[in-house]
Amino acid sequence: MSDILVSKHEGVLALSINRPAKMNALTRAMYSELATGLNEAAGDLGIRCVVISSEGDHFTAGNDIKDFMENPPTDEDSEVAAFLGALLNFPKPLLAAVKGNAVGVGTTMLLHCDVVVASPTANFSMPFTSLGLVPEAGSSYLFPQLVGYQRAAKIFFTGDAFGADEAREMGLVASIAPDSFAEAMKIAQQIAKQPPQAIINTKALLKARHHDSVAAVMRAEFQLFSMALQSEEAMEAFMNFMAKRGSK
Ligand code: COA
């Protein structure tokens with residue numbers, strides 16, 4: 001079975017991260033499948049919006065650390081870059097349903113979503129600096145814009161996690177529901193019944209002001225991130241993670 005499950009429900013495409021044994025950590029192949037899902041949905045008249053969710057108890061533990069070590073995504077044609085580009089440019093409503101841990105890109109991808117529903121178990125973190133890395137996915141621009149400079153700086157510098165209530169208060173999530181997937185699908189199906197061109201135009205208007213700035217920041221982040229991935233700080237953090245977990 002694939003690590004990304006794809007299903008269609010009355011105009012809504014559901015993409016579910018399905019690697020629960022590894023806390024849904026994302027490999028290059030999974031980024032590629034997510035990018036393909038988004039790009040195909042963008043061009044498919046029958047799909048009105050997309051919901052990203054997960055199998056098991058967690059959303060995702062972020063990028064697979066073993067993959068980071070073995071295949072660092074250092075070029076702009078990498079699968080991660082393709083996924084982030086697809087997120088930035090996705091023209092239709094993008095929803096996410098988050099439960100359990102949402103680490104790294106598990107949190108930063110939400111900054112590109114139009115509506116995020118969290119379950120009460122959701123726990124968000126962006127431990128880039130703890131790993132010797134820098135923020136990605138435009139988060140160094142989008143997160144301070146959302147929560148204010150100092151709050152964003154504190155979270156990026158400390159790597160501190162935060163829960164569903166704080167995420168809702170920040171505006172990172174729209175609502176909290178015990179079954180976040182069911183709630184996100186309900187909202188998606190409501191959106192799917194709306195006139196599609198009006199929805200696409202509305203999203204374009206909502207995103208227009210920041211699109212080019214986010215794209216430029218993403219390119220700068222990618223350069224720093226690529227260098228950081230090969231740094232001693234990152235290697236030491238990755239080795240520590242692997243040693244503690246005994247990952248094969
Ligand atoms: N990459 C690869 N494997 C990962 C992973 C990741 N990012 N996160 C979790 N896993 C794997 C673990 O190795 C473990 O598998 P194993 O038993 O075969 O070794 C399994 O998923 C469960 O994770 P575990 O660490 O045992 O769960 P926990 O509840 O003790 O800790 C976390 C949860 C999220 C705190 C911890 O897994 C973690 O810190 N993960 C790394 C998160 C991260 O730094 N991501 C990158 C952000 S850029």
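Here, the structure is the one placed above.
What you see is a predicted model, and the numbers here were worked out from it, not measured in a lab.

Thresholds applied
Residues numbered from 1 in each chain as written. Predicted model: local features only at pLDDT ≥ 70, side-chain atom pairs only at ≥ 80, totals over all residues. Heavy atoms only, no water. Pairing = 2+ DSSP bridges. Helix = DSSP H or I, 4+ residues; strand = E, 2+ residues; numbered from the N terminus. Phe/Tyr/Trp six-rings, centres within 6.5 Å; stacked < 30°, edge-to-face > 60°. Buried < 20%, exposed > 50% of the residue type's maximum accessible area, 1.4 Å probe, protein only. Salt bridge = Lys/Arg side-chain N within 4 Å of Asp/Glu carboxyl O. Axes fitted to C-alpha atoms, helices over the stretch in contact; angles between N-to-C directions. Parallel < 35°, antiparallel > 145°, perpendicular 65-115°, else oblique. Left-handed = near helix turned anticlockwise from the far one by under 90°. Contact = heavy atoms within 4.5 Å. Nonpolar A, V, L, I, M, F, W, Y, C, P; charged D, E, K, R; others polar.

Note: strand β1 (residues 4-9) against strand β2 (residues 12-17), six bridges, orientation antiparallel. Residue pairing for β2: H9 is matched across the bridge by V12. In this structure, the hairpin formed by β1 and β2 is closed by a connection of two residues, where E10 is found at a positive phi of approximately 40°.

What follows concerns the packing of aromatic side chains. One pass over the structure, following the stated rule, counts seven aromatic pairs. Where F68 meets F238, the ring centres are 5.5 Å apart and the plane angle is 15°; that geometry is what we call stacked. Of this pair, F68 sits in helix α2 (residues 65-70) while F238 is found in helix α10 (residues 232-245), placing the two residues 170 residues apart along the sequence. On the basis of relative accessibility, which here comes to 0%, the residue F238 falls in the buried class. Judged by centre distance (6.4 Å) and plane angle (10°), the ring pair of F143 and F162 falls under stacked. Of the two residues, F143 sits in helix α5 (residues 139-147) while F162 sits in strand β8 (residues 162-163), which places them 19 residues apart along the sequence. Residues F143 and F162 agree in their burial class; the two are buried.

Pairing in this open sheet of three strands is mixed, and the strands run β5-β7-β8 from one edge to the other. Every interior strand has two partners, whereas the edge strands, β5 (101-103) and β8, have only one.

This part covers unusual backbone geometry. Residues other than glycine seldom take positive phi values, yet M23 does so here, at roughly 50°. Judged by its relative accessible area of 32%, M23 falls in the partly exposed class. A positive phi angle is found at A137, which is not glycine, with a value near 60°. In this fold, A137 is placed in the loop between β7 (123-125) and α5. A137 gets classed as buried once you look at its relative accessible area, which sits at 1%.

With that settled, consider the sheet that holds strand β3 (residues 49-54). Strand order in the open sheet made by the six strands is β1-β2-β3-β4-β6-β9, with mixed pairing throughout. With one partner strand each, in any of the chains shown, β1 and β9 (175-176) form the two edges of the open sheet.

In this section: the pattern of salt bridges. Overall, the coordinates contain nine salt bridges when judged by the stated rule. Across the pair K66 and E70 runs a salt bridge whose closest N-O atoms are separated by 4.0 Å. Residue K66 and its partner E70 are located together in helix α2, separated by four residues, close to a single helical turn. The class for E70 is exposed, based on a relative accessible area of 53%. Where R168 meets D165, a salt bridge forms, and the shortest distance between an N and an O atom there is 3.5 Å. Of this pair, R168 and D165 both sit in helix α7 (residues 164-170), three residues apart, which is roughly one turn of the helix. Each of the salt bridges in this network shares a partner with another, and the network as a whole consists of R151, E166 and E169.

Here we come to the packing of helix α3 (residues 79-89) against helix α9 (residues 196-229). Contact pair α3 / α9: the axes reach a minimum separation of 11 Å and the direction vectors enclose 170°. Classified by the angle between their axes, α3 and α9 sit roughly antiparallel to one another. Helix-helix and strand crossings are classified by hand; for α3 and α9 the assignment is right-handed. Contacts between α3 and α9 pair A81, L84, G85, L88 and N89 from the former with H211, V214, A215, M218 and F222 from the latter. Of the residues that constitute the contact of α3 with α9, the class distribution is seven nonpolar, three polar and no charged.

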